[in-house]
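One letter stands for each residue in the lines below.
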Amino acid sequence: MDMDALFETCGEIRKHFDDYLDGESSRERFRDVQYHLGHCAACGAELDRRGMMKSDLRSLPRRQAPPWVALRSRVLVSQELHRNLLGRLLVRLQNGLKPRLLPAMAGVCSAIICLGLFMTSGVVPITNIPDVPVSLTTPPRVRVLAPIDLNAGDQAVVVVTRIDADGRVISYQLLSGQPSPELMHRLDRMMYFSLFQPATLFGRPTNGQMVLSFRQITVRG
Amino acid sequence: MDTLHWLDVTGDRAAPLTEEATLVQELQAGSEQAFAYLLGVYQNPVFNLLCHMVENSADAADVLQEVFLKICRGIRHFHGESSLKTWIYKIALHEASNHRRGWLRRLRREPFSLDDGQGEPVMHSAQSAEETPYEALEQAERRELVSRALASLAPSYRAALILREMEEMSYEEIARVLDIPEGTVKSRLMRGREMLRSKLTGLLSEK
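Just so it is clear, the structure is predicted and the values come from calculations on it, not from any experiment. (Residues numbered from 1 in each chain as written. Chains lettered and ligands numbered in written order. Predicted model: local features only at pLDDT ≥ 70, side-chain atom pairs only at ≥ 80, totals over all residues.)

S.K.: Any chance you could explain the sheet that holds strand β1 (residues 137–138) of chain A here in plain terms?
M.R.: Strand pairing in a sheet is mediated by backbone hydrogen bonds. Such pairs are either parallel or antiparallel. Residue and element names in this part refer to chain A. With antiparallel pairing, the three strands of this open sheet are ordered in space as β1-β6-β7. Both edges of this open sheet fall to β1 and β7 (204–206), since each of them pairs with a single strand only. Relative to strand β6 (residues 199–201), β1 runs antiparallel, the two sharing two bridges. The residue bridging Thr138 from the neighbouring strand is Thr200, located in β6. (Pairing = 2+ DSSP bridges. Helix = DSSP H or I, 4+ residues; strand = E, 2+ residues; numbered from the N terminus.)

Shown next, in the form of C-alpha cells:
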C-alpha cells in the first residue's frame, strides 16, 4: 500500500469516526474502523482526540433551575388551568378556607368538649347505682336519717348542715324554727345517729353543706 | 391520579411509554399534580438546554416558564405522534429561538456595558480525593473553554450537539426535535464537532 492510498483510506475511515463514537455505525463499518485502528496509530490518536472532546462535552456541568422557578412555574400553570371565572373562584375559595380549616376544627372540637363537661357536671347521679360518679362535683347526700320527734306545735325546722369528707356532721345551723333547748337536744341526737355520704370534687370526697327540712305530718284515723 | 404510579420526580429521566400515555391523559385532563410531576422531571434538563441556547443565561429561567406555559396551553393538541420528551424539547428550542430574536433586536437598540458577558467567577475545588487542586483547576479551565467554544457555534449546530452529547438523544429523537431528516442530523453533528474542534484548538493556542 503506497502513502497516497493510506492517507485516502485514513480520510475515508475518519468520516465514520463520529458514528463509531456515537455507537451508531453498522456492524461491518464498526469492524472496518477497528481493523484500521489496529494498524494506524495516527487514526488512533485522532479518535482519542475526538473521544476526549466528546467526554469534555458530556462532562460540562448540568445547570439546575433555581428553586423559585419551579414555584413560579407551578403558580403560572395553575393560573392557566383555572382561567375561567368559576375555576378561579373555586381556587380562591380553597386557598382562603384551607389555612382556616384546622383552627376552626380545633375550635369546634374544644367547644363540643367544654359543652359536654358543662352538661355532665350539673347532673345529680342516682344513689342506688353503684357506679362511681364521674361528674366534676357532687353534693353530700343522706344515707340514713335518725328519727326525730317534733312537737305538734313546732313549726317546720330547716337546718344547714356541714359534712366533712368522712361523712360526719361538723356543725349545723338552724335557719328556721324555734331554737328551744329541747329542740336543739333532739337535733343533736338526730345528727349524731344519722349517716351521710360526703360531697365529691373530681371524684374525691370533700367537705360540703346540705340543707335539711323537717316538718311534722299528722295522719288522722 | 390514583391509577398512575409516579416515578422519582427528582430524577432527570422521562417516564416509560405506558406511564407516559397515562401522564399525557392526566395532563390533558388539566391535573395540577401531573403538571407538578412534569415540572419535576423536565425542568432541570430543559433549563440546562435553555442556558446553552439563549444568549443571556440569566433569561433562561424566564424562558423556562414560557416553555411550561406553552406546554400547558398546547397539551390538548398533543396526539402522541412523537414522545412527550421530544415534543417538550421542540417547544423549548422554539422558545429559545424566539427569545434570541427578541434579544438581538433589543441589543441593537440598547447601549451595553463593558462589564456585560464577563461571566461568573468560577470556584475551583478538587472534585475527588485523588484530584489535586492543580488538576481541578485545569479541568475547570478546560470545561470553561469547551463551554465558550460551544456557545460560539451557530444555534443549529449547538442544538444538535447538546441534544446528542448532553441529553444523550438518538439521531432519530434529534431529528424529531429539530424537525429535520436523520441525514441532516448526522451532517450537523459532524460539522458541529469539526467547528468545535477548530475553535477549541484556537482557544487553547491563545492560552
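S.K.: Is there a simple way to explain the interface of chain B and chain A in this structure?
M.R.: Reports often express the size of an interface as the amount of accessible area lost when the parts come together. Tallying the contact residues gives 31 residues for chain B and 25 residues for chain A. Where the side of chain B that touches chain A is concerned, the elements lending two or more residues are α2 (32–53), α3 (60–74), α5 (133–151), α6 (155–166) and α8 (182–206) of chain B. Top element by residues in the side of chain B that touches chain A is α2 of chain B. It accounts for nine residues. A per-class count over the side of chain B that touches chain A returns 18 nonpolar, six polar and seven charged. (Contact = placed C-beta atoms within 7 Å. Nonpolar A, V, L, I, M, F, W, Y, C, P; charged D, E, K, R; others polar.)

S.K.: Looking at this structure, how should I read the nonpolar core?
M.R.: Generally speaking, soluble globular proteins have nonpolar side chains that are buried together. Residue and element names in this part refer to chain B. Among the nonpolar cores identified, the biggest contains 50 residues, and Val46, Leu50, Leu64, Ile88, Ala92, Leu163 and Ile174 are the most heavily contacted of them. Examining the composition of this core, we find that 13 residues originate from one element, α2, more than from any other. Split by domain, the residues of this core number at least three in each of domain 1 (1–110) and domain 2 (131–207). (Core = buried A, V, L, I, M, F, W, Y, C linked by C-beta atoms within 7 Å. Buried ≥ 20, exposed ≤ 12 C-beta atoms within 10 Å, placed from the backbone. Domains from an automatic or database assignment.)

S.K.: Teacher, can you tell me more about helix α7 (residues 181–193) of chain A here?
M.R.: Each α-helix turn comprises 3.6 residues. Residues three or four places apart therefore point the same way. Residue and element names in this part refer to chain A. A rise of 1.5 Å per residue sets the reference length of α7, with its 13 residues, at 18 Å; its end C-alpha atoms lie 19 Å apart and thus fit the reference within 8%. Three or more residues of α7 are buried, namely Arg186, Leu187 and Met191. For α7, the angular spread of the buried residues around the axis is 135°, confining them to a single face. Within α7, the exposed residues directed more than 90 degrees away from the buried face are Pro181, Glu182, His185, Asp188, Tyr192 and Phe193. (Expected span 1.5 Å × (residues − 1). Arc of directions from axis to C-beta.)

S.K.: What am I meant to see in the sheet that holds strand β3 (residues 157–163) of chain A here?
M.R.: All names here are of chain A. Sheet architecture is open: three strands sit in the order β4-β3-β8, paired in antiparallel fashion. Strand pairing shows two members of the sheet lacking a second neighbour, β4 (169–176) and β8 (208–214), which therefore form its edges. The sheet shows a mean angle of 25° between the axes of neighbouring strands, direction not considered. (Axes fitted to C-alpha atoms, helices over the stretch in contact; angles between N-to-C directions.)

S.K.: Hey, could you run me through α2 of chain B in this one?
M.R.: Maximum bend of α2 of chain B: about 45°, positioned at Tyr42 of chain B, with proline Pro45 of chain B one to four residues after it. In terms of burial, α2 of chain B is a largely internal element, 18 of the 22 residues being buried. (Bend = angle between axes of the 7 residues up to and from the residue.)

S.K.: Just to check I follow, could you spell out the environment of Ile75 of chain B for this structure?
M.R.: Residue and element names in this part refer to chain B. Topologically, Ile75 is positioned in the loop between α3 and α4 (84–109). For Ile75, a count of 19 C-beta atoms within 10 Å puts it in the partly exposed group. For the pair Ile75 and Ala29, spaced 46 residues apart in the sequence, the C-alpha separation amounts to 9.5 Å. In contact with Ile75, other than residues within four places in its own chain, are Leu27 and Gln28.

S.K.: Explain the packing of helix α4 (residues 41–58) of chain A against α6 of chain B here, please?
M.R.: The description of two helices packed together rests on the angle between their axes and the distance between the axes. Remark: α4 of chain A packs on α6 of chain B, axes separated minimally by 9 Å, with the N-to-C direction vectors making an angle of 85°. With respect to α6 of chain B, the element α4 of chain A is oriented roughly perpendicular. Between α4 of chain A and α6 of chain B, the contacting residues are Lys54, Leu57 and Arg58 of chain A on the first element and Leu161, Glu165 and Met166 of chain B on the second. Per-class residue counts for the contact of α4 of chain A with α6 of chain B are three nonpolar, no polar and three charged. (Parallel < 35°, antiparallel > 145°, perpendicular 65-115°, else oblique.)

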